[in-house]
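Each chain is listed here by its residues.
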Amino acid sequence: MSKITVGVLRGGPSSEYEVSLSTGQNVLKHLARDKYKALDILLTKKGEWHLNGITSSPDRIFRAMDVIFNALHGEFGEDGKVQRLFEIYGAPYTGSTSWPSFLAMNKIMARESFKNAGFKIAEAMAVKQEDSLDKAVFDVVRKMAPPWAIKPVSRGSSVGVSIAKNAEMLPDSLKKSFQYDKTALVEKYIKGREATCAVLENFRGEKLYAFPVVEIVPPETSRFFDYQAKYSGAAQEICPGRFSVKQKQEIQEMARKAHQILGCRHYSRSDFIVSRDGVYILETNTLPGLTSESLFPKAAGSVGLEFPQLLEHLIQLAYRG
């Protein structure tokens, strides 16, 4: 039997370039060599495409692949742009299609979908870079009591996210967010325990299989699960999380429903805050990280799905269409 040619696409122009390199390297390392011919597709920050170290073009690269394993993160890789490129060239690929990717990446649009589904979401307002900072601070203070979480609208991995405890801290937090996006989302900070739940399609007889809920305990140096805590290994990740059976079931059901309403494909991971007044959804990731420190592989491993088998499952979902 001939091997399936899998191109692992990593790198990209985003602020999550290094994370993407790690995800891609981990995928390349663990692909079953007896079944797959693995090829390394590197997209540089400048937009140059390389196949196994040789400069090439997307159309030539895509024609040489049976399947593309999309290991990009952040802008271009996770917001529907590269997915649209795959679709133009008719290249099979892992992960969500272009529109759901765009929808999930845009926090304002995703929040609207969650709200329409009846999920609890934090009170929030958008601030644009061209807006007056003084007026933005005035409007935020009028609308919501502190503290606030300030986030770039279309970035992942907690890039550019900060917590403002008072009005004096808001301008710097907004400026930090504007380094990554022209629009910032100012959310009412919800105090509670952080949780995440991964979903995999067509696994163990279930159309949408929700893995055990992971509880995330940020290190004392971090107020939340920020970029540093995510990839340094400093955070404590407890699987299954220390939540009640009812809370776990609610989180799993919300993760499955979020996957459905956004139109995700193959796999996703949704993040939550479990507070005194219920479970709030934060966001859904259409291309969860697959580094050695990432949450999706850890959740899969907790039910006996080892990383090479997870990769095979995702490739087969894409290959078979």
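Residues numbered from 1 in each chain as written. Predicted model: local features only at pLDDT ≥ 70, side-chain atom pairs only at ≥ 80, totals over all residues. Heavy atoms only, no water.

### Brief notes about unusual backbone geometry
In the segment running from Pro146 into Pro147, the intervening peptide bond is cis, with an omega of 0°. With respect to the helices, strands and loops of the structure, Pro147 is situated in the loop between helix H6 (133-143) and strand S7 (148-152). At the junction of Cys239 and Pro240, the peptide bond is cis and its omega measures out at 0° in the coordinates. On the secondary structure map, Pro240 appears in the loop between strand S13 (236-238) and helix H9 (245-262). Backbone geometry at Asn202 places phi at a positive 50°, although glycine is not the residue there. Take Asn202: it is sitting in strand S10 (residues 193-203). Owing to a relative accessible area of 46%, Asn202 belongs among the partly exposed residues under this scheme. You will see that His266, though not glycine, has its phi angle at about 75°, which is positive. (Helix = DSSP H or I, 4+ residues; strand = E, 2+ residues; numbered from the N terminus. Buried < 20%, exposed > 50% of the residue type's maximum accessible area, 1.4 Å probe, protein only.)

### Digging into the pattern of salt bridges
Pairing between side chains of opposite charge can happen when their charged atoms approach one another. On inspection of all chains with the given rule, the structure shows 14 salt bridges. Taking the shortest distance from any N to any O, the salt bridge between Arg193 and Glu215 comes out at 3.5 Å. Residue Arg193 is located in strand S10, and its partner Glu215 is located in strand S12 (residues 214-217); the two are separated by 22 residues in the primary sequence. We classify Arg193 as partly exposed; its relative accessible area is 33%. Overlapping salt bridges, with partners in common, bring together Arg111, Lys151 and Glu187 in one network. (Salt bridge = Lys/Arg side-chain N within 4 Å of Asp/Glu carboxyl O.)

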